[in-house]
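Examination of the molecular architecture
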Amino acid sequence: MPRRSRRVLLLCLLGGVAAGVAAGATVVFGGSSTPSGTLGAQAARDVPTWVEDEHLPRTAVAGATVFAVAGCTACHTYDGSGRSALNAPDLTSIGSHRLGIGFEIRFLRCPTCVNPGSPMPHFERLGAARLRQLAVFLEASKGAR
Ligand code: HEC
């Protein structure tokens, strides 16, 4: 790519991040381009309910918030929040499957690498720190009520 257009691309990306930060909790970090702004905002409001219902430890709260705003609830339900699309499973008790933090991160980064044919979008661009927070949240979600 010529240097000029690369710089334009970078500026666009930075602009996008700034706009996203300005939009606060409705930031869509994820690889999904679903119109999940309002859905994400609703899910973000549901985080305290998830923490209470699922007895989530403090260490899982950051990941719960990423889950709410990254667009995951466009396809996955969680503790009654979100909606189901593409036959994506409910994730309220995903932690009881004991997939492990490492596996979860690998899967979120590249679902098709782990499960060929998976229709789930890649979430590589959430970055290592957020992917880890998500994985901690998923592992802590044992479906306790
Ligand atoms: C566009 C729809 C879509 C979005 C958005 C989406 N997923 Fe998925 N996800 C799926 C589908 C479909 C499956 C089932 C196929 C598979 O396991 O590969 C799945 C599977 C999973 C699984 C494995 C479940 C199991 O029982 O093995 C996890 C964990 C998961 N998703 C987490 C997430 C997280 C976290 C996000 C947000 C960062 C997310 N998903 C966003 C569609 C989606």
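Summary of the structure given here. Keep in mind that what you see is a predicted model, and the values were worked out from it rather than measured.

**Description of the site of the ligand**
The environment of the ligand is formed by 22 residues, the closest being Cys-72, Cys-75, His-76, Ser-118 and Met-120. In the environment of the ligand, an oxygen atom lies 2.7 Å from a nitrogen or oxygen atom belonging to the side chain of Asn-115. Between the ligand and Ser-118 there is a distance of 2.6 Å, counted from an oxygen atom to a side-chain nitrogen or oxygen. Put simply, the parts of the chain that give the shell around the ligand at least two residues each are helix H4 (101-109) and helix H6 (127-140). Take the shell around the ligand: its biggest share by element is 3 residues, from H4.

**Side note on the state of the cysteines**
One pass over the structure, following the stated rule, counts 1 disulfide. Cys-110 shares a disulfide with Cys-113; S-S distance 2.0 Å. Between Cys-110 and Cys-113, the S-S torsion sits near 70°, and that sign places the bridge as right-handed. Residue class for Cys-113 comes out exposed when judged on its relative accessible area of 58%.

**Focus on the packing of aromatic side chains**
What the rule picks out here adds up to 7 aromatic pairs. Ring geometry for Trp-50 and Tyr-78: centres 4.9 Å apart, planes at 55°, overall tilted. Highlighted residues: Trp-50 in helix H2 (residues 37-53) and Tyr-78 in the loop between helix H3 (61-69) and H4, separated in sequence by 28 residues. Here Tyr-78 and Phe-137 contribute two aromatic rings whose centre-to-centre distance is 5.0 Å and whose plane-to-plane angle is 40°, an arrangement assigned as tilted. Here Tyr-78, found in the loop between H3 and H4, pairs with Phe-137, found in helix H6; they are 59 residues apart in sequence, far enough to count as distant. Under the relative-accessibility criterion, Phe-137 is labelled buried at 0%. Every member of this aromatic cluster is reached through a ring pair, and the members are Trp-50, Phe-67, Tyr-78 and Phe-137.

**Quick look at the nonpolar core**
Residues Trp-50, Phe-67 and Phe-137 are the most contacted members of the largest nonpolar core, which totals 26 residues. Of all elements in the fold, only H2, H3, H4 and H6 reach the threshold of two or more residues within this core. Sorting elements by how many residues they give to this core places H6 first, with 6 residues. Ignoring any residue separated from it by four or fewer positions in sequence, one finds Phe-137 in contact with Trp-50, Leu-56, Ala-60, Gly-63, Ala-64, Phe-67 and Tyr-78.

**Digging into the coordination of the iron atom of the ligand**
Coordination sphere of the iron atom of the ligand, protein contribution only: His-76 (NE2) and Met-120 (SD), at 1.9 to 2.1 Å. Classification of the site at the iron atom of the ligand as octahedral follows from its 6 donor atoms and the range of 88 to 178° in their angles at the metal. Note that His-76 is positioned in the loop between H3 and H4 and Met-120 in the loop between helix H5 (111-114) and H6, a separation of 44 residues in sequence. Accessibility classification places His-76 together with Met-120 in one group, the buried group.

**Quick word on unusual backbone geometry**
The phi angle at His-55 is positive, at roughly 50°, despite the residue not being glycine. Of note, His-55 is situated in the loop between H2 and H3. Residue His-55 is classed as exposed on the basis of its relative accessible area, which comes to 55%. Residues other than glycine seldom take positive phi values, yet Asn-87 does so here, at roughly 65°.

About the thresholds
- Residues numbered from 1 in each chain as written.
- Predicted model: local features only at pLDDT ≥ 70, side-chain atom pairs only at ≥ 80, totals over all residues.
- Heavy atoms only, no water.
- Near = heavy atom within 4 Å.
- Polar contact = N/O pair within 3.5 Å; in protein donor to acceptor, adjacent residues only side chain to side chain.
- Helix = DSSP H or I, 4+ residues; strand = E, 2+ residues; numbered from the N terminus.
- Disulfide = S-S within 2.5 Å.
- Buried < 20%, exposed > 50% of the residue type's maximum accessible area, 1.4 Å probe, protein only.
- Phe/Tyr/Trp six-rings, centres within 6.5 Å; stacked < 30°, edge-to-face > 60°.
- Core = buried A, V, L, I, M, F, W, Y, C linked by side-chain atoms within 4.5 Å.
- Contact = heavy atoms within 4.5 Å.
- Donors = N, O, S within 2.8 Å, 3.2 Å for Na, K, Ca; no water.
- Tetrahedral: all angles 85-135°; square planar, octahedral: opposite > 155°, others 65-115°.

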